[in-house]
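# Fold and geometry: a report
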Amino acid sequence: DHIREAATFNGDLKDVQRPWMLKAILGRVPPGSRILEIGAGEPFIADVLQRLGYEVWIVDPYDGSGNGPEEYDRFLRCCPKLHFIRAQFDDKLDLPKDRFDCIYSVSVLEHIPPDLLPGVFRGLRKFLKLDGVSVHAVDHVHRGNGNQQHLDNLRRIVRGFGLPEPELDSMLARMTDDTDTYYLSAESHNRWRGGRSYASFPMRVCISINLVAERKHMG
């Protein structure tokens with residue numbers, strides 16, 4: 001009763017990603033641990049975790065980049081116990097090594113340009129404890145315009161985590177045949193399209209790929 005809603009009932013991918021992220025972290029990382037969110041945007045999952053006993057840090061520039069928010073002062077006021085670092089996440093952050101038990105993100109990694117992803121993975125390896133865990137929800141266009149580009153990028157992300165690509169291929173095949181697979185709703189897709197024509201922004205099959213990787217397997 002005293003925590004923010006994790007879902008908004010808009011049929012957005014984040015409406016399933018945020019509750020999953022909470023469940024994944026609570027199932028793998030004990031309260032009292034130090035965790036960091038990459039590109040939090042609205043930091044309400046971080047706020048919930050802080051209220052549940054975690055020490056929570058956020059790295060986000062809050063400059064509007066990647067369609068992210070700019071309301072840094074508002075978030076600072078409404079979530080005063082979170083630790084904010086206004087920056088892009090990479091291995092050059094001014095933080096001690098081996099500092100965090102968990103680093104996570106929701107709908108962030110797929111927006112990072114491929115040439116910047118290596119710096120993100122170096123940062124994960126640098127700032128996670130050796131027994132730490134990295135948890136991420138990644139938007140993925142499974143069919144439709146841009147699906148091959150998304151698949152190529154997803155493979156880069158999976159390799160960066162040291163996860164087996166055949167396991168990814170098997171999961172994507174099972175997902176395609178599973179009637180319970182959650183897809184981005186048509187309503188949310190049309191909201192995403194905005195004022196653009198259907199011809200310039202046709203319907204696509206979009207899903208969330210949820211990844212959990214241990215630091216010791218990341219090289």
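Note that the coordinates shown come from a computational prediction; the quantities given were computed from them, not determined experimentally.

## As for helix α7 (residues 186-193)
Every buried residue of α7 is listed here: Ser-188, His-189 and Arg-193. Angular distribution of buried residues about the axis of α7 spans 145°; they occupy a single face of the element. Of the residues flanking the end of α7, it is Gly-194, one or two places downstream, whose phi is positive at about 65°.

## Some thoughts on the nonpolar core
Grouped burial of nonpolar side chains is what soluble globular proteins tend to show. If you look at the biggest cluster of nonpolar residues, it comprises 33 residues, and the most contacted ones within it are Leu-36, Phe-89, Leu-95, Ile-103, Leu-124, Ile-157 and Phe-161. Broken down by secondary-structure element, the contributors of at least two residues to this core are β1 (34-38), β2 (55-59), β4 (100-106), α4 (117-127), β5 (128-143), α5 (147-160), α6 (165-177) and β6 (205-214). Per element, the largest residue contribution to this core is five residues, and it comes from α4. With near-sequence residues (within four places) excluded, Leu-36 lies in contact with Trp-57, Val-59, Phe-89, Leu-95, Phe-100, Cys-102, Ile-103 and Tyr-104. Counting residues in hydrophobic clusters, the runner-up holds 26 residues, among them Ile-35, Ala-40, Val-48 and Phe-84.

## What to know about unusual backbone geometry
Here the phi dihedral of Asp-98 falls at roughly 55°; this positive angle occurs in a residue that is not glycine. With respect to the helices and strands, Asp-98 occurs in the loop between β3 (83-85) and β4. Unlike most non-glycine residues, Ser-107 shows phi in positive territory, near 55°. Counting through the fold element by element, Ser-107 comes out in the loop between β4 and α4. For Ser-107, a relative accessible area of 8% gives the class buried.

## What to know about α6
The end-to-end C-alpha separation of α6 is 19 Å, in line with the 18 Å expected for 13 residues at 1.5 Å each. The secondary structure elements touched by the buried residues of α6 are β5, α5 and β6.

## A word on the pairing of β6
Counting buried residues in β6 gives seven out of ten residues, a clear majority hidden from the surface. Pairing of β5 with β6, which is carried by ten bridges, proceeds in the antiparallel orientation. Paired with Val-133 across the two strands is Glu-214, which belongs to β6.

## Here's the deal with the packing of aromatic side chains
As enumerated under the stated definition, the model contains nine aromatic pairs in all. Relative to Phe-100, the ring of Trp-57 lies with its centre 6.3 Å away and its plane at 75°, an arrangement referred to as edge-to-face. Linking Trp-57 in strand β2 with Phe-100 in strand β4, this pair joins segments that are 43 residues apart in sequence. Take Trp-57: its relative accessible area is 15%, and that puts it in the buried class. A relative accessible area of 0% means that Phe-100 is categorised as buried. Seen in terms of ring centroids, Phe-89 and Phe-127 are 6.1 Å apart; in terms of plane orientation they differ by 70°. Their pairing is edge-to-face. Here Phe-127 lies in helix α4 and Phe-89 lies in the loop between β3 and β4, a separation of 38 residues in the sequence.

## Points about the sheet that holds β6
To summarise the sheet geometry, strands pair through backbone hydrogen bonds and adopt either a parallel or an antiparallel arrangement. As summarised here, the arrangement of the six strands in space is β3-β2-β1-β4-β5-β6, forming an open sheet in which the pairing is mixed. The open sheet has two edge strands with one neighbour each: β3 and β6. For this sheet the average axis-to-axis angle between neighbouring strands, irrespective of direction, equals 20°. Two strands pair when backbone bridges link them, and β1 and β4 are joined in this way by three bridges, in the parallel orientation. Opposite Ile-35, over in β4, you have Cys-102 as the bridge partner. Relative to the sheet, α6 contacts β5 and β6, its axis offset from that of β5 by approximately 45°.

## A closer look at the pairing of β1
Most of β1 is tucked away, with four of its five residues classed as buried. Pairing of β1 with β2 involves five bridges; the strand directions are parallel. Residue pairing for β2: Ile-35 is matched across the bridge by Val-56. This β-α-β element, β1 to helix α2 (residues 44-51) to β2, shows right-handed connectivity.

Definitions and cut-offs
Here the residue numbers are simple positions, counted from 1 along each chain's written sequence. Reporting in this predicted model follows two pLDDT cut-offs: at least 70 for local features of residues, and 80 or more for side-chain atom pairs to be given and counted; totals over whole chains, interfaces and linings ignore these cut-offs and use all residues. Water and hydrogen atoms play no part in the side-chain values, which are based on all heavy atoms of the structure. With a 1.4 Å probe rolled over the protein chains alone, any residue whose accessible area is under 20% of its type maximum counts as buried; one over 50% counts as exposed, and the rest are partly exposed. A run of H or I in DSSP becomes a helix once it reaches four residues, and a run of E becomes a strand once it reaches two; helices and strands are each numbered from the N terminus. Directions pointing from the helix axis toward each C-beta atom define the arc. Here, the term nonpolar core denotes a set of buried Ala, Val, Leu, Ile, Met, Phe, Trp, Tyr and Cys residues that are joined through side-chain atoms within 4.5 Å. Whether two residues touch is decided by their heavy atoms; if any such pair falls within 4.5 Å, the residues are in contact. Helices are assigned an expected span. That span is 1.5 Å times one less than the residue count. Pairing between two strands is assigned when DSSP locates at least 2 bridges connecting them. Here a Phe, Tyr or Trp ring, Trp counted by its six-membered ring, pairs with any other such ring whose centre lies within 6.5 Å, and the pair is stacked when the planes are under 30 degrees apart, edge-to-face when over 60, and tilted otherwise. Lines are fitted to the C-alpha atoms to define the axes, a helix being fitted only along its stretch in contact, and any angle between axes, read from their N-to-C directions, falls within 0 to 180 degrees. Whether a crossover is right-handed depends on one test, that the path from the first strand over the helix to the second runs clockwise when the strands point away from the viewer.

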